[in-house]
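So the chains spell out like this:
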Amino acid sequence: MEMLTPKNTLICIFSYNMGASLERCIQSTQKMCEGFDLAIIDDQSEDPETQSVLERHKGAFRFFSLSQGKKEGKKHGNLYENIQAMCDLAIREGYEYIFLVQDDMQFVRPMNEGICQQYTSLFEASENVLQVDPRFLRRSEQYEILDKLKAYQFAEGDLRRSYADVGILRLSILKSLAWTFRASEGENKRALAEMGYVRLFPYSPVITHVPFPVTFRNGRKRPAKFLFHRGKYSFHEMTSEEQRSMDSRPVQAIPYFRKYLRPKNMVFARLVYALVTDGSALR
């Protein structure tokens, strides 16, 4: 088992019309993932702000791609073709891992050597560990606590325990399976669960979805309603003290985003953030 390092891990951002959120995603990735190779693939964004962000940061990426496939009739656009293309590219280029990042996400603490060692130990735990998903968790979900591994996962029988469109994938498994991504997250979860593969949530997460991002349904932007600055909210970066405190807690204290992260750039929206469910706060 290769240790996860900046040399063998490709971080890939999947982009579509997120504008300010994409800017934050790129900036936090550059700051918190020093030394890692970066890739981005954009799914034919029409939004001028997003196009400007892409052009401005083009030089930051080792691999920069614009998807070309037809999107008509596809609920998720070319997302799964794009994930397939980036995994294939990473395998060809000799990477052992690929970190899938969505454009409404933000790194809040560094992907340093200690974090890489922690995540590697989870991959080493079993040949069936396909993915480490380093997101902060939600109180609205139920998780199993894996005391010996210092990690978390969804319960037995929950298809979500196998795969998500976010997180670090072990490419050697995908290569050995000659894996082809299906057209939805649910289909991928189901197929990989049937083969016995699992994803684990680590003790020390590093990334989260930002609060109240711009959302789309079938390629159309949903109205912002009362959140007039939707897409421009974020979280504060974790301080060194906050990181040490989180990393010294008992494993039974699940790393919920509301407990460990502080929202930023909110006035009226802070009240909404306090009142809505976890899922609503992150979409």
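Let us look at the structure shown here.

What counts, and where the lines are drawn
Residues numbered from 1 in each chain as written. Predicted model: local features only at pLDDT ≥ 70, side-chain atom pairs only at ≥ 80, totals over all residues. Heavy atoms only, no water. Pairing = 2+ DSSP bridges. Helix = DSSP H or I, 4+ residues; strand = E, 2+ residues; numbered from the N terminus. Axes fitted to C-alpha atoms, helices over the stretch in contact; angles between N-to-C directions. Patch = residues over 30% accessible without salt bridge, like charges linked within 9 Å, V, L, I, M, F, W, Y side chains within 5 Å. Areas by Shrake-Rupley, 256 points an atom, 1.4 Å probe, with all protein chains shown as cover. Salt bridge = Lys/Arg side-chain N within 4 Å of Asp/Glu carboxyl O. Buried < 20%, exposed > 50% of the residue type's maximum accessible area, 1.4 Å probe, protein only.

### Thoughts on the sheet that holds strand β1 (residues 9-15)
Next, step 1: Spatial ordering of the open sheet is given by β3-β2-β1-β4-β9-β6-β10-β8-β7, a layout of nine strands whose pairing is mixed. The strands lining the two open edges of the sheet, one partner per strand, are β3 (63-66) and β7 (144-146). Between one strand and the next, the sheet's axes are offset by a mean angle of 25 degrees, whatever the strand orientation.
Next, step 2: Sheet topology places β1 next to strand β2 (residues 37-42); six bridges connect them, and they run parallel. Within the sheet, the bridge partner assigned to I13 lies in β2 and is I40.

### Side note on a nonpolar patch on the surface
Next, step 1: Together, V267, F268, L271 and L275 make up an exposed nonpolar region whose accessible area comes to about 490 Å².
Next, step 2: With respect to the helices, strands and loops of the structure, F268 is situated in the loop between β15 (263-264) and α9 (269-275).

### Some words on the pattern of salt bridges
Next, step 1: Taken as a whole and assessed by the stated rule, the structure comprises 15 salt bridges.
Next, step 2: Residue R62 pairs with D37 through a salt bridge whose shortest N-O separation is 3.2 Å. Here R62, found in the loop between α2 (48-56) and β3, pairs with D37, found in strand β2; they are 25 residues apart in sequence, far enough to count as distant.
Next, step 3: For R62, a relative accessible area of 48% translates into the label partly exposed.
Next, step 4: Residue K189 is joined to E185 by a salt bridge in which the shortest nitrogen-to-oxygen separation is 3.9 Å. Of this pair, K189 and E185 both sit in helix α6 (residues 185-194), separated by four residues, roughly a single helical turn.
Next, step 5: Residue E185 is classed as partly exposed on the basis of its relative accessible area of 27%.
Next, step 6: Through salt bridges with shared partners, a single network forms among D37, R62 and E93.

Nothing here speaks to function; it is all geometry.
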